[in-house]
Amino acid sequence: MTRISEEQVRHVAHLARLAITDEEVHTFTEQLDAIITFAEQLNELDTSNVQPTSHVLNMKNVLRKDESAPGLDREEVLKNAPDQQDGQIRVPSIIE
Amino acid sequence: MSLFDHKLTEIQSMIDKKEVSIPDLVDESFKRIAAVDGDVKAFLALDEERARKQAEEAQGAGKTGILSGIPIGIKDNIVTKGLRTTAASQILHNFDPIYDATVVNKLREAGTITVGKLNMDEFAMGSSTENSSFQKTRNPWNLAHVPGGSSGGSAAAVAAGEVPFSLGSDTGGSIRQPASFCGVVGMKPTYGRVSRFGLIAFASSLDQIGPITRNVEDNAHLLEALAGVDPYDSTSANVPAESFAAGLTGDIKGLRIAVPKEYLGEGVSEEVRQSVLAALKVLEGLGATWEEVSLPHSKYGVATYYLLASSEASSNLARFDGIRYGYRAEGAENLIDLYKKTRAEGFGDEVKRRIMLGTFALSSGYYDAYYKKAQQVRTLIKKDFEDVFASYDVIIGPTTPTPAFKIGEIIDDPLTMYANDILTIPVNLAGVPGISVPCGFAENGLPLGLQIIGRHFDEKNVYRVAHAYEQATDFHKEKPKL
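First, a word on scope: everything that follows refers to the structure included in this document. (Residues numbered from 1 in each chain as written. Chains lettered and ligands numbered in written order. Predicted model: local features only at pLDDT ≥ 70, side-chain atom pairs only at ≥ 80, totals over all residues. Heavy atoms only, no water.)

## Some thoughts on the overall build of chain A
- When helices and strands are counted, chain A shows three helices and two strands.
- For chain A, the N- to C-terminal ordering of α and β elements is α-α-α-β-β.
- Taken against the 2.2 N^0.38 rule, which gives 12 Å for 96 residues, the C-alpha radius of gyration of chain A at 23 Å runs more than 25% over that of a compact globule.
- Its C-alpha atoms put chain A at 55 × 45 × 25 Å along the principal axes.
- Out of the 96 residues in chain A, the part that is buried amounts to 29%.
- Taking the intrachain contacts of chain A between residues at least 6 apart in sequence as the baseline, contacts between residues at least 24 apart amount to 32%.
- With an accessible surface of roughly 7100 Å², chain A has 48% of that area assigned to carbon and sulfur atoms.
- Each charge class in chain A can be summarised by its mean position, and for the 9 positive and 18 negative side chains these summaries are 11 Å apart. (Helix = DSSP H or I, 4+ residues; strand = E, 2+ residues; numbered from the N terminus. Rg over C-alpha atoms; globule rule 2.2 N^0.38 Å. Buried < 20%, exposed > 50% of the residue type's maximum accessible area, 1.4 Å probe, protein only. Contact = heavy atoms within 4.5 Å. Areas by Shrake-Rupley, 256 points an atom, 1.4 Å probe, with all protein chains shown as cover. Lys, Arg positive; Asp, Glu negative; His and termini not counted. Charge placed at Lys NZ, Arg CZ, Asp CG, Glu CD.)

## Considerations on the overall build of chain B
- Within chain B, the secondary structure is distributed over 15 helices and 11 strands.
- For chain B, the spread of C-alpha atoms along the three principal axes comes to 65 × 55 × 45 Å.
- Put simply, chain B has 482 residues, and 66% of those count as buried.
- Of all intrachain contacts in chain B linking residues separated by at least 6 positions in sequence, the fraction that spans at least 24 positions is 76%.
- Within the structure as shown, chain B displays about 15700 Å² of accessible surface, and the carbon and sulfur contribution to it stands at 48%.

## Considerations on the pairing of strand β3 (residues 113-118) of chain B
Residues and elements named next belong to chain B.
- Within β3, six of the six residues are buried, which leaves the element mostly enclosed by the surrounding structure.
- Pairing of strand β1 (residues 43-46) with β3, which is carried by three bridges, proceeds in the antiparallel orientation. Directly across from F43, in β3, lies its bridge partner L118.
- Bridge analysis of strand β2 (residues 71-75) against β3 gives five bridges, and the strand direction is parallel. (Pairing = 2+ DSSP bridges.)

## Things to note about helix α2 (residues 22-40) of chain B
All names here are of chain B.
- Taking 1.5 Å per residue, 19 residues should reach 27 Å; α2 reaches 25 Å between its end C-alpha atoms and fits that length.
- Along α2, the positions that sit buried rather than exposed are I22, P23, L25, V26, S29, F30, I33, V36, D37 and V40.
- Against the buried residues of α2 lie α1 (8-16), β1, α3 (48-61), β2, β3 and α5 (152-159).
- Backbone geometry just after α2 places K41 at a positive phi near 55 degrees. (Expected span 1.5 Å × (residues − 1).)

## What to know about the packing of aromatic side chains
All names here are of chain B.
- Under the defined criterion, the tally for this structure stands at 18 aromatic pairs over all chains.
- With 6.3 Å between their ring centres and 25 degrees between their planes, Y366 and Y370 make a pair best called stacked.
- Taking relative accessible area as the criterion, Y366 reaches 26% and is therefore assigned partly exposed.
- Relative accessible area serves as the criterion here: at 8%, Y370 is assigned to the buried category.
- When the centroid spacing of 6.5 Å and the interplanar angle of 65 degrees are considered together, the rings of F441 and F475 count as edge-to-face. (Phe/Tyr/Trp six-rings, centres within 6.5 Å; stacked < 30°, edge-to-face > 60°.)

## Things to note about a nonpolar patch on the surface
- On the surface, a cluster of nonpolar side chains totalling about 380 Å² of accessible area is made up of I89(A), V91(A), I94(A) and I95(A).
- If you trace the backbone, I95(A) turns up in the segment after β2 (88-89). (Patch = residues over 30% accessible without salt bridge, like charges linked within 9 Å, V, L, I, M, F, W, Y side chains within 5 Å. Salt bridge = Lys/Arg side-chain N within 4 Å of Asp/Glu carboxyl O.)

## Focus: the interface of chain B and chain A
- With 64 residues of chain B at the interface, the matching set in chain A holds 53 residues.
- Taking both sides of the interface into account, the surface hidden between chain B and chain A amounts to around 5200 Å²; carbon and sulfur atoms contribute 69%.
- Contact with chain A buries area across many residues of chain B, yet I98(B), K340(B) and M356(B) alone supply 14% of it, more than any other trio.
- Residue R328(B) is joined to D83(A) by a salt bridge in which the shortest nitrogen-to-oxygen separation is 3.9 Å.
- On inspection of chain B and its partner chain A, the count reaches 18 residue pairs in polar contact (both at pLDDT 80 or more).
- Elements represented by at least two residues in the side of chain B that touches chain A include exactly α9 (301-316), α10 (335-346), α11 (349-362), α12 (368-389), α13 (414-419) and α14 (425-430) of chain B.
- If you tally residues by element for the side of chain B that touches chain A, the top one is α12(B), at 10 residues.
- Grouping the constituent residues of the side of chain B that touches chain A by class yields 32 nonpolar, 18 polar and 14 charged. (Buried area = accessible area lost by both parts, 1.4 Å probe. Polar contact = N/O pair within 3.5 Å; in protein donor to acceptor, adjacent residues only side chain to side chain. Nonpolar A, V, L, I, M, F, W, Y, C, P; charged D, E, K, R; others polar.)

## Overview of the nonpolar core
- Core analysis: the biggest nonpolar cluster contains 164 residues, and F123(B), F385(B) and I452(B) have the highest contact counts within it.
- In terms of residues, this core owes the most to one element, α12(B), which gives nine residues.
- With residues up to four places along the chain from it excluded, the contact list for F385(B) reads Y263(B), L295(B), I395(B), P426(B), V427(B), A430(B), V432(B) and I453(B).
- Judged by nonpolar contacts, the second largest core, of five residues, contains L57(A), Y191(B), A237(B) and F457(B). (Core = buried A, V, L, I, M, F, W, Y, C linked by side-chain atoms within 4.5 Å.)

## Some remarks on the pattern of salt bridges
All names here are of chain B.
- All chains considered together, the criterion is met by 32 salt bridges over all chains.
- A salt bridge links R196 to D233; the nearest nitrogen and oxygen atoms lie 3.9 Å apart. In this pair, R196 sits in the loop between β5 (185-188) and β6 (208-213) while D233 sits in the loop between α7 (216-226) and β7 (256-260), placing the two residues 37 residues apart along the sequence. You'll find R196 and D233 in the same group, each marked buried.
- Taken together, the salt bridges that share partners define one network made up of D27, K31, E48 and R52.

## Re the environment of I257(B)
Residues and elements named next belong to chain B.
- Take I257: it is sitting in strand β7.
- Given a relative accessible area of 1%, I257 falls into the buried group.
- I257 sits 213 residues away from L44 along the chain, and the two C-alpha atoms are 40 Å apart.
- What I257 contacts, discounting residues up to four positions off in sequence, is L280, L283, A288, T289, W290, E291, Y392, V394 and I396.

## Some remarks on the side chain of N316(B)
- Summarising the element assignment, N316(B) is placed in helix α9.
- What N316(B) contacts, discounting residues up to four positions off in sequence, is A201(B), F202(B), A203(B) and S204(B).

## Some remarks on the environment of G326(B)
- Counting through the fold element by element, G326(B) comes out in the loop between α9 and α10.
- Counting along the chain gives 240 residues from G326(B) to T86(B), while the straight-line C-alpha distance between them is 8.8 Å.
- When residues no more than four places from it in sequence are discounted, the contact partners of G326(B) are N80(A), P82(A), I91(B), L92(B) and N94(B).

## A look at the sheet that holds strand β8 (residues 289-293) of chain B
All names here are of chain B.
- Strand order in the open sheet made by the 11 strands is β1-β3-β2-β4-β6-β5-β10-β11-β9-β7-β8, with mixed pairing throughout. Here the strands that pair on one side only, and so sit at the sheet edges, are β1 and β8. Direction aside, the axes of adjacent strands within the sheet are offset by 30 degrees on average.
- Direction of pairing for strand β10 (residues 434-441) relative to strand β11 (residues 447-453): antiparallel, over a ladder of seven bridges. Its bridge partner being in β11, S436 is matched across the sheet by Q451.
- α3 rests against β1 and β3 of the sheet, and its axis sits at about 160 degrees to β3.
- Along the sheet, α5 makes contact with β1, β2, β3, β4 (165-170) and β6, crossing β4 at roughly 155 degrees. (Axes fitted to C-alpha atoms, helices over the stretch in contact; angles between N-to-C directions.)

By themselves, these observations are geometric and do not establish any function.
Pasting the structure below:
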């Protein structure tokens with residue numbers, strides 16, 4: 001049984017905003033199927049009463065005082081933008 | 001003999017006695033880079049003009065501390081203001097950071113001089129540095145072999161004598177494995193010990209920055225400068241930086257060592273096994289005792305890691321979209337098309353594979369089966385370590401199952417490549433500190449590494465053991481012939 005189909009790989013690539021060729025769909029389906037099959041060894045373990053770990057240190061609600069501080073300089077920030085106009089970053093049209 | 005064969009305290013005393021100047025040190029670094037980096041290919045960018053200027057200024061100002069005036073190389077996923085930072089990815093090929101990472105600010109305060117940026121697997125995803133978009137770094141001990149990864153440039157540059165030390169980052173073994181492959185000392189600190197602000201994020205719950213050096217004492221000095229809580233990283237821990245170097249007494253009498261049977265079992269080569277058993281004999285001779293223990297969930301580490309790290313990466317790497325910085329594809333028809341083309345052209349195959357695996361594991365209908373399941377197994381792996389550390393001071397095993405493999409040997413086989421990190425990954429999942437120190441050579445002349453793992457925030461003890469072992473052996477004195 002395959003764990004992931006070519007159709008699913010196309011869907012996942014769309015969710016991940018990756019353009020993908022037919023040839024890549026084929027290769028990635030094979031490789032992801034092998035990796036997911038490998039990952040399913042975790043099903044050997046009964047984890048029904050195990051809490052998930054998202055963070056290893058015992059810290060929560062890290063707060064700071066709500067004080068304003070200078071942000072980054074706009075000229076500087078725009079330095080790396082591929083396309084810009086009048087102090088703003090320009091993108092292709094969003095609405096047809 | 002190179003200036004960088006001396007440890008930091010010796011270099012500083014040479015500066016004091018005016019036997020050597022800070023410009024001499026920086027010059028030594030650039031001369032060595034000019035001589036060997038054509039073969040080793042560790043550096044992606046050099047900052048020669050600024051480094052030489054800083055060296056002159058530092059010489060004039062007089063020295064301030066142990067790191068003052070010492071050249072350093074920095075892994076290219078740590079942002080450096082005014083010095084191109086690419087994470088070895090095409091998608092950041094033209095990225096000039098507008099601020100410094102917290103560790104870079106700390107290094108500046110300590111007085112080190114950055115000579116350049118070091119090659120790595122793209123976005124730190126890989127175990128061989130072959131996934132760099134720009135060049136393949138080679139192992140200084142044998143140029144046909146990989147230096148390990150993902151901090152392959154950082155380990156190779158130190159091994160080749162191009163810099164006395166460097167910074168790497170470790171998500172599943174990316175400091176320790178290349179340190180082992182290149183015969184140098186690499187420390188992955190406790191999660192939260194060092195600020196991640198300015199480290200281009202791969203898997204935020206696992207990533208840590210750490211030092212790669214030629215000896216344990218220098219490593220302890222460097223970590224001391226890097227450690228500490230940072231208001232810009234809310235996962236950095238409010239644990240005061242200790243004087244790690246002050247704990248290097250050479251005395252480990254009464255130390256209780258745990259040796260997990262899983263770390264000397266199937267998949268670990270015989271010569272690696274023998275080198276670890278020999279190291280345990282050395283430690284016994286110094287008054288330590290060791291017993292075999294079990295970390296029963298070790299074998300699930302790799303699967304757990306690839307699900308969690310890829311899931312976190314799929315989220316973290318969403319920011320690379322061609323809008324605010326980096327590469328932007330030409331000829332896109334609309335915004336979604338622009339994202340897709342930019343990312344397809346800007347990311348390499350391993351990065352795409354992991355983004356897709358992570359997106360799949362987090363997607364509706366699969367989240368519980370893959371992502372949450374892996375988080376639960378992570379709890380079990382973490383508990384394995386807690387159980388052992390209830391009765392033992394450190395855990396010892398090999399860093400890697402084999403010495404460095406050949407360039408091209410396993411690059412087309414992702415699962416075999418992933419298995420290389422089987423002994424380092426559990427340490428990241430548990431968040432504990434681990435170091436790799438040289439512990440011998442394979443029959444083919446490539447270095448082997450001993451991994452010493454400690455409790456959360458017990459780097460001082462890890463360094464003490466690593467240093468005692470190092471001082472009782474001569475492996476760290478061997479240098480590659482380049």
